[in-house]
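# Remarks on the overall topology
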Amino acid sequence: MFRNPIVRTVMMSYMLLQLGIWVRNFAILLYVTEQTNNNPTYVSLISIAEFTPIFLFAFIGGAFADRWRPKRTMVWSDLLSAVSAGAVLVVVAMGSWQALFAATFVSAMLSQFSQPSAMKLFKRHVPEDHLQGVMAMFQTLMAIFMVIGPIIGAFVYGQFGLEISIGVMGAMMLGSALLLSSLPADPKPEDEDAPSGSLREQLKEGFQYVGRNRLLRTLGFTFTVAGLAAGLIQPLALFVAIDNLGKKPEFLQWLLMVNGAAMFVGGGLVMALASKIKPQLLLSAGLLISAIGTVGVGASTSLPITIGLQIVSGLFFPCIHIGIQTLILKNTDDAYVGRVGGVLTPMFMGMMVIGMSVGGPLMRSTSLLSVYGISGLLFLVGALLMMMPQLGRRQQLGIDK
């Protein structure tokens with residue numbers, strides 16, 4: 001896998017993007033927290049600005065990823081993200097800190113055109129028996145930045161302030177674009193198996209393709225409940241540190257660091273065992289442990305117990321990401337990779353945005369534990385949805401015998 005130049009280049013680009021995103025996200029989180037005196041509604045708005053574009057543009061981005069050349073799409077997406085960071089810097093300098101939400105929105109929107117293109121490159125250039133390993137490598141990188149990202153983000157913001165943090169984001173996006181420009185040239189249009197017809201027809205074909213595939217349909221239902229579960233608690237992790245543990249907002253970086261370190265180990269284990277574990281089993285296990293860990297974190301007021309739960313959840317969280325991406329790539333034809341991701345991702349992100357929208361107000365009207373309990377129950381439903389087809393097949397085999 002490491003000898004594959006496509007994998008190496010995209011991985012290095014991903015590292016730069018993750019660094020820029022973490023610096024931006026932590027700077028905005030801490031700045032908005034200071035400006036609003038820990039108001040959970042405003043903290044929720046940060047996550048809404050980050051994830052709403054994924055819901056709104058994922059399907060369109062996936063359709064265009066099937067139409068456009070992947071290298072060119074990825075380069076231009078990163079270049080435009082860098083330009084948007086510069087524009088936000090100008091607006092913030094004029095005294096409008098609300099423009100920070102725009103920086104997050106634009107960057108997330110452009111990533112919906114870039115990410116499907118990266119998956120399309122992997123589908124074309126990575127052997128199928130290596131796909132799960134490549135997804136595990138990406139999850140391991142994500143885990144590394146879960147460890148170092150909050151520390152770097154908090155340090156840059158604490159030492160240099162908001163403007164430098166946004167500037168670092170822009171520089172990382174620009175660096176990623178330059179790196180991706182070294183990829184081999186895209187095939188000429190006449191050499192590509194690009195979809196024909198209007199965009200509307202291609203969007204319709206994407207939905208029909210998912211509808212005909214039983215596994216992809218099940219994934220869609222799982223995405224829906226898991227997205228709502230994740231959205232409810234996404235903006236409230238800060239209050240686990242503040243309310244449950246009695247710590248300052250900055251303590252969140254250490255909880256994220258512990259979780260990220262466990263994700264790093266979990267991703268490495270999955271990468272080592274990638275050829276021996278079915279992706280359906282990975283996804284089911286990840287969702288089940290997430291259900292247990294979510295309820296536990298919401299209920300715990302003990303620092304050692306909370307850290308222990310973060311470690312266990314982190315070890316199994318890579319199973320969710322790796323299982324999902326592997327199932328999509330293995331069960332989708334090359335010409336539909338972008339559109340299938342574009343159909344399924346909005347199911348997750350749409351419900352996630354709804355969850356984030358109600359998570360803060362729901363916490364204020366009930367309690368942090370209540371919100372985490374509802375989230376854990378939804379994760380459990382997602383695990384059962386993925387396990388039921390497997391159990392059904394085993395029962396059928398028993399009847400046949």
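The following paragraphs examine the structure supplied in this document.

## Comments concerning the overall build of the protein chain
Helix and strand counts for the protein chain come out as 13 helices and 0 strands. Overall, the protein chain shows an N-to-C arrangement of helices and strands of α-α-α-α-α-α-α-α-α-α-α-α-α. The buried share among the 401 residues of the protein chain stands at 56%. Carbon and sulfur atoms form 67% of the exposed surface of the protein chain, whose accessible area is close to 17,500 Å².

## Thoughts on a nonpolar patch on the surface
Judged by side-chain polarity, Leu 288, Ile 292, Leu 377, Leu 380, Val 381, Leu 384, Met 387 and Met 388 come together as a nonpolar surface patch covering roughly 680 Å² of accessible area. For the nonpolar patch, the element with the highest residue contribution is helix 13 (residues 368-400), accounting for 6 residues. Along the chain, the position of Leu 380 falls in helix 13.

## Topic: the packing of helix 7 (residues 214-233) against helix 10 (residues 279-299)
It is the contact of helix 7 with helix 10, at a shortest axis distance of 12 Å, that shows an interaxial angle of 25 degrees. One way to sum up the angle between helix 7 and helix 10 is to call them roughly parallel. Pair helix 7 / helix 10 crosses with left-handed handedness. Contact with helix 7, carried on its side by Leu 215, Leu 219, Thr 222, Ala 226 and Ile 233, involves Gln 280, Leu 283, Leu 287 and Thr 294 of helix 10 and no other residues of that element. In terms of residue class, the contact of helix 7 with helix 10 is built from 6 nonpolar, 3 polar and no charged.

## A word on helix 8 (residues 237-244)
Counting buried residues along helix 8, 6 of its 8 residues qualify, which places the element largely inside the surrounding structure. Of all the residues in helix 8, the buried ones are Leu 238, Phe 239, Val 240, Ala 241, Ile 242 and Asn 244. Gly 246 sits one or two residues past helix 8 and shows a positive phi near 70 degrees.

## Focus on the packing of helix 3 (residues 70-93) against helix 4 (residues 99-125)
Running from N to C, helix 3 and helix 4 point in directions that differ by 170 degrees, and their axes come no closer than 9 Å. The orientation of helix 3 with respect to helix 4, classified from their angle, is roughly antiparallel. For the pair helix 3 and helix 4, the contacting residues are Pro 70, Thr 73, Met 74, Ser 77, Asp 78, Leu 80, Ser 81, Ser 84, Val 88, Val 91 and Val 92 in the first and Ala 99, Leu 100, Ala 103, Val 106, Ser 107, Leu 110, Phe 113, Ser 114, Ser 117, Ala 118, Leu 121 and Arg 124 in the second. Taken together, the residues of the contact of helix 3 with helix 4 break down into 14 nonpolar, 7 polar and 2 charged.

## Notes on the environment of Leu 19
By secondary structure assignment, the location of Leu 19 is in helix 1 (residues 5-36). Linking Leu 19 and Phe 145, residues 126 residues apart in sequence, is a C-alpha distance of 7.2 Å.

## Regarding the side chain of Thr 73
When you line up the elements, Thr 73 lands in helix 3. Note on Thr 73: relative accessible area 7%, which makes it buried. Residue contacts for Thr 73: discarding those within four places in its chain leaves Trp 68, Phe 113 and Ser 117.

## What to know about the nonpolar core
By size, the foremost hydrophobic cluster in this structure holds 107 residues, and its most contacted members are Phe 122 and Leu 219. With 16 residues, helix 5 (residues 128-180) is the largest single contributor of residues to this core. Filtering out sequence-adjacent residues up to four positions away, Phe 122 remains in contact with Val 7, Val 10, Leu 131, Val 134, Met 135 and Phe 138.

## Re the environment of Val 358
Residue position: Val 358 is located in helix 12 (residues 337-365). C-alpha of Val 358 to C-alpha of Gly 231: the two residues are 127 residues apart in sequence and 8.7 Å apart in space.

Rules used throughout
- Residues numbered from 1 in each chain as written.
- Predicted model: local features only at pLDDT ≥ 70, side-chain atom pairs only at ≥ 80, totals over all residues.
- Heavy atoms only, no water.
- Helix = DSSP H or I, 4+ residues; strand = E, 2+ residues; numbered from the N terminus.
- Buried < 20%, exposed > 50% of the residue type's maximum accessible area, 1.4 Å probe, protein only.
- Areas by Shrake-Rupley, 256 points an atom, 1.4 Å probe, with all protein chains shown as cover.
- Patch = residues over 30% accessible without salt bridge, like charges linked within 9 Å, V, L, I, M, F, W, Y side chains within 5 Å.
- Salt bridge = Lys/Arg side-chain N within 4 Å of Asp/Glu carboxyl O.
- Axes fitted to C-alpha atoms, helices over the stretch in contact; angles between N-to-C directions.
- Parallel < 35°, antiparallel > 145°, perpendicular 65-115°, else oblique.
- Left-handed = near helix turned anticlockwise from the far one by under 90°.
- Contact = heavy atoms within 4.5 Å.
- Nonpolar A, V, L, I, M, F, W, Y, C, P; charged D, E, K, R; others polar.
- Core = buried A, V, L, I, M, F, W, Y, C linked by side-chain atoms within 4.5 Å.

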